[in-house]
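# Understanding the architecture of this molecule
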Amino acid sequence: MTGYPEIRSMPPGGCLPEPCPATGQDGQALAEALVVLGVLGSLWVGIAWLGRVQDAGLQLSNASRRAAFAYAYQEMALPDLSAQVSGHMQGSGHVWRSRRGDPLLPAGAVLNLDASAKRPASEPGDPVPDAASLRQELKLGEDAVWLARVGARTQGQAQTQSRLSDFDRLAVSLQRHTAILRGSGAASGDMAVQATLGESHRAWSGLAGASHEAGQRIDQRLQGVDEAWGRSRPSWDWLTPWAGRVPARHLNPWRSP
């Protein structure tokens, strides 16, 4: 038909049969893809390295907690605590390696126990007169806060060269600690409870001693009367006979008194 422009379909190559003009960008997409792949590869290596370091730090935190509670409540010595920390860090699933297969923590973990003084009036009841002395008599905490520090160092050196291999060479120092106060007032049995209570002047021995003196004076005056009736002499041990006398319903866990 006349009067209309000729319409031709575009060939698969993207150009008409005439030669396509040169754009000057041949291969640019390939170069950009290589750069992006290099960046993504570096990020992948860095994330994997950081994940291993973070996991090692988490296990160091767990080891410091285990050591702190074992020291405070089981009274374990430092050599035994160090062996426990080493066993925990070498347990199943706690072996970290670099990309080359070398141990991430070649020297293992080191445990240190340090004591720091408590701040004044940092305990409940400190504003109340004699509350701190009563807490000390009942063995409710020592005068120092103990820190169980567990540290480790990754393999490598401190200096870097801004290369991908820095993830295998960079040495990082990891430190985790748990603060704990020994002496929670918990006792191993009835006799230990009675011994602690009996030694406390404010909670027991002061008032018990005054009652004991008054009772002895009364007993001396009534001794002649009581002998006629064959009555037994009063016992002044007011703690030991109660050993094991706590009702069973009060010893059931998860139950209110």
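For the structure, check the block above.
Figured I'd write up the structure that's included with this text. (Residues numbered from 1 in each chain as written. Predicted model: local features only at pLDDT ≥ 70, side-chain atom pairs only at ≥ 80, totals over all residues. Heavy atoms only, no water.)

## Observations regarding the overall build of the protein chain
Secondary structure summary: the protein chain contains six helices and three strands in total. Ordering the α and β elements of the protein chain from the N terminus gives α-α-β-α-β-α-β-α-α. The proportion of buried residues among the 257 residues of the protein chain is 23%. Partitioning the intrachain contacts of the protein chain with sequence separation of at least 6 by distance along the chain shows that 71% fall at a separation of at least 24. Accessible area for the protein chain stands at about 18500 Å²; split by element, carbon and sulfur atoms hold 57% of it. (Helix = DSSP H or I, 4+ residues; strand = E, 2+ residues; numbered from the N terminus. Buried < 20%, exposed > 50% of the residue type's maximum accessible area, 1.4 Å probe, protein only. Contact = heavy atoms within 4.5 Å. Areas by Shrake-Rupley, 256 points an atom, 1.4 Å probe, with all protein chains shown as cover.)

## A closer look at the pattern of salt bridges
Evaluated as defined, the whole model comprises three salt bridges. Across the pair Arg202 and Glu137 runs a salt bridge, and its minimum N-O distance is 2.8 Å. Within this pair, whereas Arg202 is found in helix α6 (residues 201-229), its partner Glu137 is found in helix α3 (residues 131-137), the two being separated by 65 residues in sequence. On the basis of relative accessible area, Arg202 is assigned to the partly exposed category, the value being 38%. (Salt bridge = Lys/Arg side-chain N within 4 Å of Asp/Glu carboxyl O.)

## Looking at the packing of aromatic side chains
A complete count under the given rule lists two aromatic pairs for this structure. With 6.2 Å between their ring centres and 65° between their planes, Trp236 and Trp238 make a pair best called edge-to-face. The exposure class of Trp238 is partly exposed, given its relative accessible area of 31%. (Phe/Tyr/Trp six-rings, centres within 6.5 Å; stacked < 30°, edge-to-face > 60°.)

## Regarding the layout of surface pockets
Space inside the second largest pocket adds up to approximately 220 Å³. Around the second largest pocket sit 14 residues that line it, and Met89, Gln90, His94, Leu105 and Gly108 are the ones nearest its centre. Here the lining of the second largest pocket is composed, by residue class, of nine nonpolar, four polar and one charged. (1 Å grid on protein atoms, 1.4 Å probe; cavity = no way out; pocket = protein on both sides within 12 Å on 5 of 7 lines; lining within 4 Å. Points joined across faces, edges and corners; volume = space filled by probe spheres on them. Nonpolar A, V, L, I, M, F, W, Y, C, P; charged D, E, K, R; others polar.)

## Considerations on the nonpolar core
Core analysis: the biggest nonpolar cluster contains 25 residues, and Leu60, Val85, Met89 and Leu111 have the highest contact counts within it. Those elements that place two or more of their residues in this core are α1 (28-73), α2 (78-89), β2 (144-153) and β3 (173-180). Of the residues forming this core, the biggest block, ten residues, is contributed by α1. With near-sequence residues (within four places) excluded, Val85 lies in contact with Ala63, Ala67, Ala109, Leu111 and Val150. (Core = buried A, V, L, I, M, F, W, Y, C linked by side-chain atoms within 4.5 Å.)

## Thoughts on the pairing of β2
In terms of burial, β2 is largely enclosed, as seven of its ten residues are buried. Across eight bridges, the pairing between β2 and β3 is antiparallel. The residue of β3 that forms the bridge with Arg153 is Ser173. (Pairing = 2+ DSSP bridges.)

## Thoughts on α6
With 29 residues, α6 ought to run about 42 Å at 1.5 Å a step, yet its terminal C-alpha atoms sit only 36 Å apart, falling short of that. By the largest-angle criterion, Leu222 marks the main kink of α6, which is about 55°. All of the buried residues in α6 are Ala208, Gly215, Asp219 and Asp226. Taking the backbone nitrogen of Ala203 as reference, a side-chain oxygen 3.1 Å away marks Ser200 as the first, capping residue of α6. Following α6 by one or two positions, Gly230 adopts a phi angle in the positive range, close to 70°. (Expected span 1.5 Å × (residues − 1). Bend = angle between axes of the 7 residues up to and from the residue. Polar contact = N/O pair within 3.5 Å; in protein donor to acceptor, adjacent residues only side chain to side chain.)

## Some points on the packing of helix α5 (residues 190-199) against α6
Two numbers describe how α5 lies on α6: the axes approach to 5 Å, and their chain directions differ by 70°. By the criterion of interaxial angle, the relationship of α5 to α6 is roughly perpendicular. Between α5 and α6, the contacting residues are Leu197, Gly198 and Glu199 on the first element and His201, Ala203, Trp204 and Ser205 on the second. Here the residues of the contact of α5 with α6 are counted per class, giving three nonpolar, three polar and one charged. (Axes fitted to C-alpha atoms, helices over the stretch in contact; angles between N-to-C directions. Parallel < 35°, antiparallel > 145°, perpendicular 65-115°, else oblique.)

## What to know about a nonpolar patch on the surface
A cluster of nonpolar residues, Leu30, Leu34, Val35, Val36, Leu37, Val39, Leu40, Leu43 and Ile47, forms a patch on the protein surface that exposes about 920 Å² of accessible area. Checked against the element boundaries, Leu43 lands in helix α1. (Patch = residues over 30% accessible without salt bridge, like charges linked within 9 Å, V, L, I, M, F, W, Y side chains within 5 Å.)

Bear in mind that shape data such as this cannot, by itself, settle questions of function.
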